[in-house]
Amino acid sequence: MAARQAMPHQDAKERTRNFDEVALGYTEEQAIAEASRCLECRNPKCVQGCPVEIDIPGFIAQMKAGDFDEAIATIKLTNSLPAVCGRVCPQEVQCEELCVLAKKGEPVAIGRLERFCADHERKKGVAAPVRAQSTGKRVAVVGAGPASLTAAADLAKEGHAVTMFEALHDTGGVLTYGIPEFRLPKSIVRDEVEYIKQLGVDVKVDYIIGKIKTLEELKNDFDAVFLGTGAGLPKFMGIEGENLNGVYSANEFLTRVNLMKAYRFPDYSTPIKRGKHVIVVGGGNVAMDAARSALRLGAEEVSIVYRRGEDELPARKEEVENAKEEGIIFRLLTNPVRILQGDNMTVKGVECIRMELGEPDESGRRSPVPKAGSEHVIDADIVIIAIGTSPNPMILSGSDGLKVSPRGTIVVDESAKTSIGNVCAGGDAVTGAATVISAMGAGKLAAQTINDYLRNN
Ligand SMILES: Cc1cc2nc3c(=O)[nH]c(=O)nc-3n(C[C@H](O)[C@H](O)[C@H](O)COP(=O)(O)OP(=O)(O)OC[C@H]3O[C@@H](n4cnc5c(N)ncnc54)[C@H](O)[C@@H]3O)c2cc1C
Ligand code: SF4
């Protein structure tokens, strides 16, 4: 079997001083060579691993034949954000994990092929879509992240008039404010949002539902509502010193860097503290993004502090490898116990304790247990907490009757309906922090449910 095509990357040393994209994408020759590895299985298991059910063998066969235009058309039948998904989807635990070639060696690089097709289309210029005939029905979509963008696109394609309300000054949700430019260039998110606008979706930014308008009012003004408000409320550890200057939630830090363009100083004067020694607490994609952003802002030393071991790191393996290549230090089996105070209420270090792994906890992962007497101090002037998020409760003001779980997530049934008639929800607001593609899958399901409802009422 031919070997999987390696992804060309920007040199590790060079890329730590810029925010340009790290992965450079396949050449045409590489894309065709990689597509040629696909066996075009009769029972393609890869499709079962894709939450939006892209016809994977179909688009890969078109690539093999060099017909990239057809290939992207096939992908877009079920996925409105292919350039995004081709870059950030955790393919290794979705389509690629189920690819038959994974059993014998390396799976087909499905994500990289998807990215190639989307980039090929962007280079040529994406043709404006034909707008659907109006049904006269109006739908409000709250939030502008991947769940809402997918729901809005699918509803607009059915001919419903969609208005999208976004709290921030730009669209994209985490794709814009969270995931950094070097993993997902914002121009790509903008172009994909532009395509959705061309389908007829009216976007209103700086518009907080729960403040400017309540859910109750939306429900009365529109025939149906979709809530895709995400999980943007950061969690903290509850340890001493978290109130010091120099302690950020990863959300705040990444929002300042990405959405508010702090990295483009002096063109943008967004304040951000540029640390010498930065500690990022957590082991997920968010922690990797914060650490790699801090390095690019000029830190001398950036450490990930994570209470479990390397095998338990929840971040994508590819991103952990990228972070290591760039020089991020991994302090595994280590947990902060307090943040130490320097002059003027600033951070001067973090006291940590070493951990060992005990029995599996409710998440199935072995739980970390502190090792008595192993306390030690790591110097730091910035601490970024990236231990998870929960849904922002803002949407709940003025939404009497909307059932919410004890974790703060919106409760839905199997067809994405909430406890309020004509209101559906999906994405991180329902599941808690998850993935782009699962949010998109939920947006699709909700759009189907809303469409059925509107056709019958
Ligand atoms: C730093 C970071 C890196 C990540 N990396 C990856 C990755 O590599 N791969 C991957 O698959 N997933 C990744 N994720 C997770 C992924 O981005 C999320 O699961 C996904 O964005 C969830 O989509 P969503 O549409 O549900 O919510 P969001 O993307 O959070 O969008 C919700 C939107 O709703 C808006 N909103 C909230 N409340 C209101 C209101 N009351 N009124 C109006 N608007 C409101 C918010 O401002 C936001 O724009 C990452 C997450 C983060 C934070
Ligand atoms: S399972 Fe793998 S080899 Fe088979 S069709 Fe899907 S991508 Fe191709």
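The following refers to the structure shown. (Residues numbered from 1 in each chain as written. Chains lettered and ligands numbered in written order. Predicted model: local features only at pLDDT ≥ 70, side-chain atom pairs only at ≥ 80, totals over all residues. Heavy atoms only, no water.)

## A few points about the site of ligand 1
Turning to step 1, where the next piece is worked out: What surrounds ligand 1 is a group of 33 residues, the closest being Val88, Glu166, Arg183, Ile209 and Asp428.
Turning to step 2, where the next piece is worked out: At a separation of 2.7 Å, an oxygen atom of ligand 1 approaches a polar side-chain atom of glutamate 166.
Turning to step 3, where the next piece is worked out: Isoleucine 209 places a main-chain nitrogen or oxygen 2.8 Å from a nitrogen atom of ligand 1.
Turning to step 4, where the next piece is worked out: For ligand 1, whose unbound accessible area comes to 1,000 Å², protein coverage reaches 93%.
Turning to step 5, where the next piece is worked out: Of all the elements in the fold, those that place two or more residues in the shell around ligand 1 are α10 (146–157), α15 (285–296) and α18 (436–456). (Near = heavy atom within 4 Å. Polar contact = N/O pair within 3.5 Å; in protein donor to acceptor, adjacent residues only side chain to side chain. Areas by Shrake-Rupley, 256 points an atom, 1.4 Å probe, with all protein chains shown as cover. Helix = DSSP H or I, 4+ residues; strand = E, 2+ residues; numbered from the N terminus.)

## As for the nonpolar core
Turning to step 1, where the next piece is worked out: Judged by nonpolar contacts, the single largest core of 69 residues is most densely connected at Ile56, Phe59, Ile60, Met63 and Leu113.
Turning to step 2, where the next piece is worked out: What phenylalanine 59 contacts, discounting residues up to four positions off in sequence, is Ile54, Ala71, Thr74, Ile75, Ile110, Leu113, Glu114 and Cys117. (Core = buried A, V, L, I, M, F, W, Y, C linked by side-chain atoms within 4.5 Å. Buried < 20%, exposed > 50% of the residue type's maximum accessible area, 1.4 Å probe, protein only. Contact = heavy atoms within 4.5 Å.)

## Here we look at the pairing of strand β11 (residues 347–360)
Turning to step 1, where the next piece is worked out: Bridging between strand β10 (residues 334–341) and β11 involves 7 bridges; their strand directions are antiparallel. Within β11, the residue paired with leucine 340 across the bridge is glycine 349.
Turning to step 2, where the next piece is worked out: Where β10 folds back onto β11 in an antiparallel hairpin, the turn is made up of 5 residues, including asparagine 344, whose phi is positive at roughly 50°.
Turning to step 3, where the next piece is worked out: Connecting β11 to the next strand, strand β12 (residues 366–370), in antiparallel fashion are 5 residues, including glycine 364 with a positive phi near 90°. (Pairing = 2+ DSSP bridges.)

## Some details on the sheet that holds strand β9 (residues 329–331)
Turning to step 1, where the next piece is worked out: One open sheet holds the 5 strands; their spatial order is β6-β14-β7-β8-β9, and the pairing between them is parallel. A single partner strand is all that each edge strand has here, and the edge strands are β6 (247–249) and β9. Going across the sheet, the axis of each strand differs from the next one's by a mean of 20°, ignoring polarity.
Turning to step 2, where the next piece is worked out: Where strand β7 (residues 277–281) lies against strand β14 (residues 382–385), 4 bridges are found, and the strand directions are parallel. Paired with isoleucine 279 across the strands is valine 383, a residue of β14.
Turning to step 3, where the next piece is worked out: Across the sheet, helix α14 (residues 250–257) lies against β6 and β14, angled at about 85° from β6, the strand it touches most. (Axes fitted to C-alpha atoms, helices over the stretch in contact; angles between N-to-C directions.)

## What about α14?
Turning to step 1, where the next piece is worked out: Counting buried positions along α14 gives 6 out of 8 residues, so the element sits mostly inside the fold.
Turning to step 2, where the next piece is worked out: Here α14 has its buried residues at Ala250, Asn251, Phe253, Leu254, Thr255 and Val257.
Turning to step 3, where the next piece is worked out: Elements in contact with the buried residues of α14: α11 (174–177), β5 (233–234), β6, α15, β14 and β15 (389–390).

## Here we look at the pattern of salt bridges
Turning to step 1, where the next piece is worked out: Counting across every chain of the model gives 30 salt bridges.
Turning to step 2, where the next piece is worked out: A salt bridge links lysine 197 to glutamate 194, with the nearest nitrogen and oxygen atoms 4.0 Å apart. Note that lysine 197 and glutamate 194 are positioned in helix α12 (residues 186–198) at a spacing of 3 residues, about one turn of the helix.
Turning to step 3, where the next piece is worked out: When its relative accessible area of 35% is taken as the criterion, lysine 197 is described as partly exposed. (Salt bridge = Lys/Arg side-chain N within 4 Å of Asp/Glu carboxyl O.)

## Observations concerning the packing of aromatic side chains
Turning to step 1, where the next piece is worked out: For the structure on display, the rule yields 6 aromatic pairs.
Turning to step 2, where the next piece is worked out: Judged by centre distance (6.0 Å) and plane angle (85°), the ring pair of phenylalanine 165 and phenylalanine 222 falls under edge-to-face. Taken as a pair, phenylalanine 165 in strand β2 (residues 161–165) and phenylalanine 222 in the loop between α13 (215–221) and β4 (224–227) lie far apart in primary sequence, 57 residues in all. Both residues of the pair, phenylalanine 165 and phenylalanine 222, count as buried.
Turning to step 3, where the next piece is worked out: Ring centres of tyrosine 248 and phenylalanine 253 lie 5.5 Å apart, and the angle between their planes is 65°; on these two criteria the pair is classed as edge-to-face.
Turning to step 4, where the next piece is worked out: Looking at phenylalanine 253, the relative accessible area reads 1%, which means it is buried.
Turning to step 5, where the next piece is worked out: Taken together through their ring pairs, the aromatic side chains of Phe19, Phe182 and Tyr263 make up a single cluster.
Turning to step 6, where the next piece is worked out: Across from the ring centre of phenylalanine 222, 4.4 Å away, lies the NZ or CZ of arginine 138, which sits over that ring. (Phe/Tyr/Trp six-rings, centres within 6.5 Å; stacked < 30°, edge-to-face > 60°. Lys NZ or Arg CZ within 6 Å of the ring centre and 35° of its normal.)

## Some thoughts on the sheet that holds β2
Turning to step 1, where the next piece is worked out: Ordered in space as β3-β2-β1-β4-β16, the 5 strands form an open sheet in which the pairing is parallel. Pairing within the sheet leaves two strands with one partner each, and these edge strands are β3 (202–204) and β16 (423–425). In this sheet, adjacent strand axes meet at a mean angle of 20° when their direction is disregarded.
Turning to step 2, where the next piece is worked out: Taken together, the 5 bridges between strand β1 (residues 138–142) and β2 define a ladder with parallel strand orientation. When the sheet's bridge partners are listed, arginine 138 is paired in β2 with alanine 161.
Turning to step 3, where the next piece is worked out: Contacts from α18 reach β1, β4 and β16 within the one sheet, and its direction differs from that of β4 by about 170°.

## Considerations on unusual backbone geometry
Turning to step 1, where the next piece is worked out: In the segment running from phenylalanine 265 into proline 266, the intervening peptide bond is cis, with an omega of 5°.
Turning to step 2, where the next piece is worked out: When you line up the elements, proline 266 lands in the loop between α14 and β7.
Turning to step 3, where the next piece is worked out: Look at leucine 333: it is not a glycine, yet its phi comes out positive at around 50°.
Turning to step 4, where the next piece is worked out: The topology assignment puts leucine 333 in the loop between β9 and β10.

## Points about α12
Turning to step 1, where the next piece is worked out: The terminal C-alpha atoms of α12 lie 18 Å apart, and with 13 residues this matches the ideal 18 Å at 1.5 Å per residue to within 8%.
Turning to step 2, where the next piece is worked out: Turning to α12, its buried residues are Lys186, Ile188, Val189, Glu192, Val193, Tyr195 and Ile196.
Turning to step 3, where the next piece is worked out: In the core, the buried residues of α12 are packed alongside α5 (68–76), α6 (82–88), α9 (110–124), α10 and α11.
Turning to step 4, where the next piece is worked out: Backbone geometry just after α12 places glycine 200 at a positive phi near 115°. (Expected span 1.5 Å × (residues − 1).)

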